[in-house]
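One-letter residues, chain by chain:
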Amino acid sequence: MKDEYNFDLTDLDSQLASFSQKGITRFSLHEGVFSRDRNYLKNFLSKAKKYIPEVFISIPVEAEVIDCEIVALCKDLFCSLDIFFRADEIAKKIGEKNSPKGAAFFDKKLFSKKAALLNDADLVFGFLADFAISPRDSIKFFRERLDFAMTLYPNHLEFPQIYSDEREEKCTATFSSQDISYAQRLAFAAEIFYSYGRAVPWFNSVLKPLKISPSNFFSDFAEWQICNNCGFKSREKVAALSHKEIEKMQLLFLEEKYDEKNLRHVFPAVRDVVLLNGAFSRLAGEGEECSLELSFNPDDLLSPAAMDLPAFCENICMEKCRVKIFAGDEGPDYKIF
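Note on numbering: residues in each chain are counted from 1, in written sequence order. Residue-level local features of this predicted model are given only where pLDDT is at least 70; pairs of side-chain atoms are given and counted only at 80 or more, and the full residue set underlies all totals for whole chains, interfaces and linings. Excluding hydrogens and water, the side-chain figures rest on all heavy atoms present in the structure.

S.K.: Tell me about the overall build of the chain, residues and numbers included.
M.R.: Looking only at helices and strands, one finds 16 helices and nine strands in the chain. Computation of the radius of gyration draws on C-alpha atoms alone. For the globule rule, the value is 2.2 Å times the number of residues to the power 0.38. A compact globule built from 337 residues would reach a C-alpha radius of gyration of about 20 Å, and the chain, at 21 Å, matches this within 12%. Once the C-alpha set of the chain is aligned to its principal axes, its extents read approximately 55 × 55 × 40 Å. Under the scheme applied here, a residue whose accessible area is under 20% of the maximum for its type counts as buried, over 50% as exposed, and between as partly exposed, the area being computed with a 1.4 Å probe on protein chains only. Burial analysis of the chain (337 residues in total) assigns 49% to the buried set. Numbering of helices and strands runs from the N terminus; a helix is a DSSP stretch of H or I covering at least four residues, while a strand is a stretch of E covering at least two.

Structure below.
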């Protein structure tokens, strides 16, 4: 049986009703009208709630169509809203009265508002981003989009073009061939570290003590990948690594960055936060139970105090312990040995 099944929906009821018989567990919606038209999308979500509430659905969608009704329907489904974050779309207001002449306009308010709706509802969402496709794009604008995306806590960030066989990028006066090569490495580094590394619960709190922007952080990680033979040129192989293997990469790189910033004393807390959240993600995603050796009590690591890691290390005593992560009667749980 196929684990993932993609097709155009012409007869919603009969197609969705067949999922159980076909053993389909994941579904990617690629019919463009559903991503652009709120009414079509609402109709699909209502049908999905009726026929396939247990199937994981990936739904590419324009930010403009997300509203309270869409959010309410998604709360009853097992799904991810994958929001288009394209330069050609967010630059469409060029020439308007409040836009600098000849400059790209980035509607931060729109994306902030939609992300807040989704985060408040605890829904899974991500961004489908691009670079060097719009003639108005530039490497500076691309880095700005990447930095802004990280402030919205997306569950994942994807750059489909870096896996495409077709060369979608275009050299322009503002995006040279050298810029494109750099952007490819930067996009791949961000996707591996943040998305494949399942870093959303801890990324911003771990980045804050380093006092660098996300784009600079991912740029440094891209250089680290090259030095360790796991960069953009090896993207297919690296993307196939398990989460545990990527987690090892994250920790090796973070240890180097914390050393550079003379924050060696904070790294034990960083390590614990990454390991603990990673274990919970594998329990939820792969059903994998495990035991961890931690330097701090997990009760403290999972508290709001861990949002400020330098202050955490100053005020919370180390408590070396062994922790078992397991599926409890009421969901993911842990036990200290």
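Let's pick the thread back up.
S.K.: Break down a negative patch on the surface for me, with residues and values.
M.R.: Judged by side-chain charge, D165, E166, E168 and E236 come together as a negatively charged surface patch. Relative to the assigned elements, E166 resides in the loop between strand 6 (156–158) and helix 9 (177–196). What makes a patch is a set of residues exposed beyond 30% relative accessible area and free of salt bridges, joined within 9 Å when like-charged and within 5 Å when nonpolar (Val, Leu, Ile, Met, Phe, Trp, Tyr). With residues, only the protein chains shown are counted as cover, and all accessible areas are computed by Shrake-Rupley using a 1.4 Å probe. By salt bridge we mean one thing: a side-chain nitrogen of Lys or Arg within 4 Å of a carboxyl oxygen of Asp or Glu. Under the convention used here, Asp and Glu are negative, Lys and Arg are positive, and both His and the chain ends fall outside the count. In this description, the location of a charge corresponds to atom NZ of lysine, CZ of arginine, CG of aspartate or CD of glutamate.

S.K.: Account for the environment of L29, naming residues and giving values.
M.R.: Here L29 shows up in the loop between strand 2 (26–28) and helix 3 (32–36). The class for L29 is buried, based on a relative accessible area of 3%. Along the primary structure L29 and S18 are separated by eleven residues, whereas in three dimensions their C-alpha atoms are 16 Å apart.

S.K.: Could you give me a rundown of the side chain of N297, with the residues and numbers involved?
M.R.: Its place among the elements puts N297 in the loop between strand 7 (290–294) and helix 15 (298–301). The class of N297 is buried, set by a relative accessible area of 9%. Any N or O atom pair separated by 3.5 Å or less is treated as a polar contact, with the protein-specific requirement of one donor-capable and one acceptor-capable atom, and with residues adjacent in sequence counted only for side-chain atom pairs. A polar contact is formed between the side chain of N297 and the side chain of E319, at a distance of 3.1 Å.

S.K.: An account of the pattern of salt bridges is needed here, citing residue identities and associated values.
M.R.: By the definition in use, this model includes 21 salt bridges. With a closest N to O distance of 2.9 Å, E69 and K42 form a salt bridge. In this pair, E69 is assigned in helix 5 (residues 68–74) and K42 in helix 4 (residues 38–51), connecting sequence segments 27 residues apart. The buried category is assigned to K42, whose relative accessible area is 15%. Note that K140 and E144 form a salt bridge whose closest N and O atoms lie 2.5 Å from each other. Placement of the pair is K140 and E144 together in helix 8 (residues 139–150), with a separation of four residues, close to one helical turn. Residue K140 is classed as exposed on the basis of its relative accessible area of 56%. We classify E144 as partly exposed; its relative accessible area is 35%. Salt bridges sharing partners connect three or more residues here, namely R38, K42, D67 and E69.

S.K.: So, the sheet that holds strand 8 (residues 321–328): which residues are in play, and what are the values?
M.R.: Within a beta sheet, neighbouring strands are joined by backbone hydrogen bonds and run either parallel or antiparallel to one another. The strand order 7-8-9 describes an open sheet built from three strands, whose pairing is antiparallel. Single-partner strands in this sheet number two, and they are strand 7 and strand 9 (331–336). Between one strand axis and the next, the sheet turns by 30° as a mean value, whatever way the strands run. Strand pairing is defined by DSSP finding a minimum of two bridges between the two strands. Pairing between strand 8 and strand 9: six bridges, direction antiparallel. Within strand 9, the residue paired with G328 across the bridge is G331. The strands touched by helix 14 (residues 267–286) are strand 7, strand 8 and strand 9; relative to strand 7, the strand with the most contacts, the crossing angle is about 170°. For every element, the axis is a line fit to its C-alpha atoms; helices are fit only across the contacting stretch, and the angle between N-to-C directions ranges from 0 to 180 degrees. In this description, contact between two residues means that some pair of their heavy atoms is separated by no more than 4.5 Å.

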